[in-house]
Protein chains: 2
Amino acid sequence: MSIGVDNVFDSAAEGRDLPSIIINVAFPQRVNMSDVARAAGVSVATVSKVVNGRYGVARATIERVQQVIHQLGYEASLGAQSLRSHRTNVLGILVAEFEPFSTELLKGASTAVAGTGYQLLAYSSGDGAGTAVGWERRSLARLSGTLIDGAVIVTPTVVETKQGFHVVAVDPHTGPSGLPTVDSDNFAGAVLATNHLLSLGHRRIGHISGRPDLESSRLREAGFRQAMADAGVAVDERLVRVGGFRIESAAGTAGELLARADRPTAVFAGNDLSAISTMNVAREMGLTVPDDLSVIGFDNIPESALVNPPLTTIMQPLQQMGAEALRLLVDLIAGAERDIHIRLPTELVIRASCRALPD
Amino acid sequence: MSIGVDNVFDSAAEGRDLPSIIINVAFPQRVNMSDVARAAGVSVATVSKVVNGRYGVARATIERVQQVIHQLGYEASLGAQSLRSHRTNVLGILVAEFEPFSTELLKGASTAVAGTGYQLLAYSSGDGAGTAVGWERRSLARLSGTLIDGAVIVTPTVVETKQGFHVVAVDPHTGPSGLPTVDSDNFAGAVLATNHLLSLGHRRIGHISGRPDLESSRLREAGFRQAMADAGVAVDERLVRVGGFRIESAAGTAGELLARADRPTAVFAGNDLSAISTMNVAREMGLTVPDDLSVIGFDNIPESALVNPPLTTIMQPLQQMGAEALRLLVDLIAGAERDIHIRLPTELVIRASCRALPD
DNA sequence: ATGAAAGCGCTAACAG
DNA sequence: CTGTTAGCGCTTTCAT
């Protein structure tokens, strides 16, 4: 079953002359620790000690084992290793799906992980399409305890903390609590967005929100209302609608809003995806952005610069948030005392999807 | 040790009225299969059968076990499960680091995985910074056999195929071989890029390549030379330099190129990162793009639209490549007969980093 | 300095 | 229909 180094040539003789076959034969299947042990003439326990740099192995043995490891291309199985040792030096990033928001965080986490000695494992439950709430709980249960030493969870709705397992939530939907969190100033950002539209002369401003159960969505709506109130402009409740934060779900909402005879002159979308969706719908209805409709988004995902016209939006420093989350997680695992809530500022990014209303 | 469902209320009574506290107490630590078995009054084998939907369990037992599973929030450990069963319904995407190129692929793979029943696990070796070749071999050895049923490997240099384990390489550095691959037409894309510069009247055109050992890099350089030759323009070899495909590594090369008295009027960078780096260097040297220097890239990562001026580049359909790679992998695992090499077309994307030379 | 043996959480024969 | 048993690949006492 297991491959002796010694029978490589026998088997190769039976193969064809394709290089790939030779490679295949040299490593016909996964080589495990007992393969190494056998080839080196030692026990698996000794191999394990060598692999993990434990004391109590003769110099000569160490070298012989390492040589065999190198020759066979042995690498410890993450699954088996973690099952037994409960320490893997792998950190998890748990997402519902890999969309622009989470991949920006991922980039930031990836740069921050360099030099920490940890590796990164991003896991998508696949339940992206709004289906299946509780993905974060399932993913966490599946990976924690084994496989990963800690996790960053992206936009979780509910998080249970397990004893002895560290979790950092990015943009959690429940708002800061006992759980370590990283988010941006959603309220201030929404005020920024709304004030921008107001300063351009807009008064009939619509808002396409995320979902009422999401904290970030609630804060953005609250910021919108605050800015409107501060400007003394009444909010037309018929122009405030739930859009769900996704391209498809926001399209219907945008359609209803824009089909009105008294449609808004400007829309503050709860996130860039909703804003992009709104622009798509507007185009299909024969409206021109920004001439017939101004649109502002939230997030500043790279895609917002790629659409036509480029989207004016509120920047969240996503990569930085990912990096901060990872650093916070590493610190928590190391047992450092530090502030477990990080809130980063937002910023207005003016591109070309809003215009000033003529007097 | 193990959590009785029954003590939830007792503990909650001591807590505050925050829902999160109740949850914390309900699942103080990882619940495993024996916890479930004990709570349900059956053996772990029976629980396993219920979890995996095996035949031969009484209706009533199934329901009782499922109830306990639900109450305890049990989820099978991926590590343990895969160690034993060698089938996890998880597909891996192995990358050196999470940068714009690989995250675009990830987005595509993420959309393609929906509905397949698989989940996605993206693993970064962390050896991003050009260090440590062979990351793909190590990552693969670490995850294959356990944890994942197949893998998409992003820009691998060397890949060994293991028996019975399916791997798809995206943009492999060795060119199509026996291994299933997905890439884009690098040669044609490079011709497109070069012709664009030629059509704008440029003759002194520099090229910042990737690394000679990378197939995609070689093809782009070859396409550049072909287009120049076809146009009857001699290539000045002093203007063709290795840049390494990364921001930092390309900066030095760009600096040397632009410091020349007879510096090029246009640069075809081997990828967008090199192009962006070249624009940075040009700015630092007091040169204006595109007035003093035209720059064209390759890839069309979202970032290329965000820089100033927006980068003219060659689009590879990255998300589509990721999606195709994932579909190919799924098909291979299913044992389908199909073409194992997929090559997608490239396209010129004109933005604002190139200008026509005055006559 | 080395190895035998137990066990991490799970699945798969096999017995009952 | 259910439980007992063995073992996946690894780490870790504990003997030798």
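Our structure is the block above this text.
Note that the structure is a prediction, hence the values are computed from the model and not measured.

(A) Examining the sheet that holds strand β9 (residues 294-299) of chain A more closely. Residues and elements named next belong to chain A. In spatial order, the strands read β7-β6-β8-β9-β10-β12; together these 6 strands make up an open sheet with mixed pairing. At either end of the open sheet lies a strand with only one pairing partner, and these are β7 (240-242) and β12 (347-349). The mean inter-strand angle of the sheet, taken between neighbouring strand axes irrespective of direction, is 20°. Both strand β10 (residues 312-315) and β12 contribute to a ladder of 3 bridges, which runs antiparallel. Looking at the pairing, I314 lines up with L348 of β12. Contacts from helix α10 (residues 215-230) reach β6 (205-209), β7, β8 (266-269) and β9 within the one sheet, and its direction differs from that of β6 by about 165°.

(B) How the structure looks around the interface of chain A and chain B. The interface is formed by 53 residues belonging to chain A together with 52 residues belonging to chain B. Approximately 4,600 Å² of surface area, both sides summed, lies buried where chain A meets chain B, with 53% of it carried by carbon and sulfur atoms. Across the chain A-chain B interface, the total number found is 2 salt bridges. Across the pair E303 of chain A and K107 of chain B runs a salt bridge, and its minimum N-O distance is 2.7 Å.

(C) Fine view of the nonpolar core. One finds I93 of chain A together with I93 of chain B to be the most contacted residues of the largest nonpolar core, which totals 60 residues. Each residue touching I93 of chain A, except ones within four places of it in the same chain, is listed here: L106, A109, L120, L121, A122, Y123, V152 and V154 of chain A. Counting residues in hydrophobic clusters, the runner-up holds 35 residues, among them V90 and V159 of chain A together with L121 and L147 of chain B.

(D) Representation of the pattern of salt bridges in the model. Residues and elements named next belong to chain A. By the definition in use, this model includes 34 salt bridges over all chains. Between R38 and D35 there is a salt bridge, and its shortest N-O distance comes to 3.6 Å. In this pair, R38 and D35 are both assigned in helix α3 (residues 33-40), 3 residues apart and thus about one turn of the helix distant. In this structure D35 comes out as buried when scored by relative accessible area, which is 2%.

(E) Looking closely at the protein's contact with DNA strand D. Contacts to DNA strand D come from 24 residues, most closely from M33, Y74 and R84 of chain A together with G56 and R84 of chain B. Counting only the atoms of DNA strand D within 4 Å of the protein, the fraction contributed by sugar and phosphate is 59%. In the environment of DNA strand D, a phosphate oxygen lies 2.7 Å from a nitrogen or oxygen atom belonging to the side chain of T61 of chain B. Elements with a contribution of two residues or more to the surface near DNA strand D: α4 (44-51) and α6 (78-85) of chain A together with α4 (44-51) and α6 (78-85) of chain B. Ranked by the residues each element gives to the surface near DNA strand D, the list is headed by α6 of chain A, at 4 residues.

(F) How the structure looks around the environment of T103 of chain A. Assignment of secondary structure puts T103 of chain A in helix α7 (residues 100-113). By relative accessible area, which is 0% here, T103 of chain A ends up buried. In this structure the C-alpha to C-alpha distance between T103 of chain A and A122 of chain A, which are 19 residues apart in sequence, comes to 9.7 Å. Those residues in contact with T103 of chain A that lie beyond four places of it in its chain are F98 of chain A together with T103 and K107 of chain B.

Conventions and cut-offs
Residues numbered from 1 in each chain as written. Chains lettered and ligands numbered in written order. Predicted model: local features only at pLDDT ≥ 70, side-chain atom pairs only at ≥ 80, totals over all residues. Heavy atoms only, no water. Pairing = 2+ DSSP bridges. Helix = DSSP H or I, 4+ residues; strand = E, 2+ residues; numbered from the N terminus. Axes fitted to C-alpha atoms, helices over the stretch in contact; angles between N-to-C directions. Contact = heavy atoms within 4.5 Å. Buried area = accessible area lost by both parts, 1.4 Å probe. Salt bridge = Lys/Arg side-chain N within 4 Å of Asp/Glu carboxyl O. Core = buried A, V, L, I, M, F, W, Y, C linked by side-chain atoms within 4.5 Å. Buried < 20%, exposed > 50% of the residue type's maximum accessible area, 1.4 Å probe, protein only. Near = heavy atom within 4 Å. Polar contact = N/O pair within 3.5 Å; in protein donor to acceptor, adjacent residues only side chain to side chain.

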